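The lines below spell out each chain.
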Amino acid sequence: QVQLVESGGGLVQPGGSLRLSCTASGSDFSIYAMGWYRQAPGKQRELVAYITHSFRTNYADSVKGRFAISRDNAKNTVYLQMNSLKPEDTAVYYCTAGKITNSWNYWGQGTQVTVSS
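Here goes a summary of the coordinates provided. (Residues numbered from 1 in each chain as written. Predicted model: local features only at pLDDT ≥ 70, side-chain atom pairs only at ≥ 80, totals over all residues. Heavy atoms only, no water.)

A few words on the pattern of salt bridges. Per the counting criterion, the structure on display carries four salt bridges. The closest approach of N and O atoms between Arg66 and Asp89, which form a salt bridge, is 2.8 Å. Residue Arg66 is found in the loop between β6 (57-59) and β7 (67-72), and its partner Asp89 is found in the loop between β8 (77-82) and β9 (91-98); the two are separated by 23 residues along the sequence. Accessibility assignment for this pair places Arg66 and Asp89 in one class, buried. (Salt bridge = Lys/Arg side-chain N within 4 Å of Asp/Glu carboxyl O. Helix = DSSP H or I, 4+ residues; strand = E, 2+ residues; numbered from the N terminus. Buried < 20%, exposed > 50% of the residue type's maximum accessible area, 1.4 Å probe, protein only.)

Trans is the prevailing form of peptide bonds, just as negative phi is the prevailing case for residues other than glycine. In the Ramachandran plot, Phe55 falls in the positive-phi region, its phi being about 75° despite a non-glycine side chain. Here Phe55 lies in the loop between β5 (46-51) and β6. Notably, Asn76 is not glycine yet its phi reads approximately 55°, a positive angle. As for its position among the elements, Asn76 is in the loop between β7 and β8.

The tally for this structure, following the rule as stated, stands at one disulfide. Covalent S-S linkage joins Cys22 and Cys95, the inter-sulfur distance amounting to 2.1 Å. On the sign convention where negative means left-handed, the S-S torsion of about -80° between Cys22 and Cys95 marks this disulfide as left-handed. Taken together, the residues Cys22 in strand β3 (residues 18-25) and Cys95 in strand β9 connect sequence positions 73 residues apart. For Cys22, a relative accessible area of 0% gives the class buried. Look at Cys95 and you get buried, because its relative accessible area is 0%. (Disulfide = S-S within 2.5 Å.)

This paragraph deals with the sheet that holds β7. The four strands are arranged β1-β3-β8-β7 in an open sheet whose pairing can be described as antiparallel. Two strands in the sheet have a free side with no partner beyond their single neighbour: β1 (3-7) and β7. Neighbour to neighbour, the strand axes of the sheet diverge by 15° on average, direction disregarded. The pairing of β3 with β8 spans six bridges and is antiparallel. (Pairing = 2+ DSSP bridges. Axes fitted to C-alpha atoms, helices over the stretch in contact; angles between N-to-C directions.)

Functional significance is not addressed by these values, which are geometric in nature.
Given below as structure tokens:
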């Protein structure tokens, strides 16, 4: 069993930056693929980025060049560095973990990111 706790959300102005963190409890963090999803009001949950156990990364087209996902296995933590934020990035951001990508077994409770002037 893996429990995920996100942190780092908040209110930021357009063009600003935030770094989200997700810390996992339980063992074997390094074998999991880790991902970030987001859900805006009235919209479906969408993939933002993921990182595999071998550190391969993948991004949604809408965030390429602005967001960066990374992981620190020693800290059981995955990060999402978000730069050049836009109002359309406003959403609840969820951390997820799975043995393989796109087969996510565990979810965090979400953290709100609001981009507004």
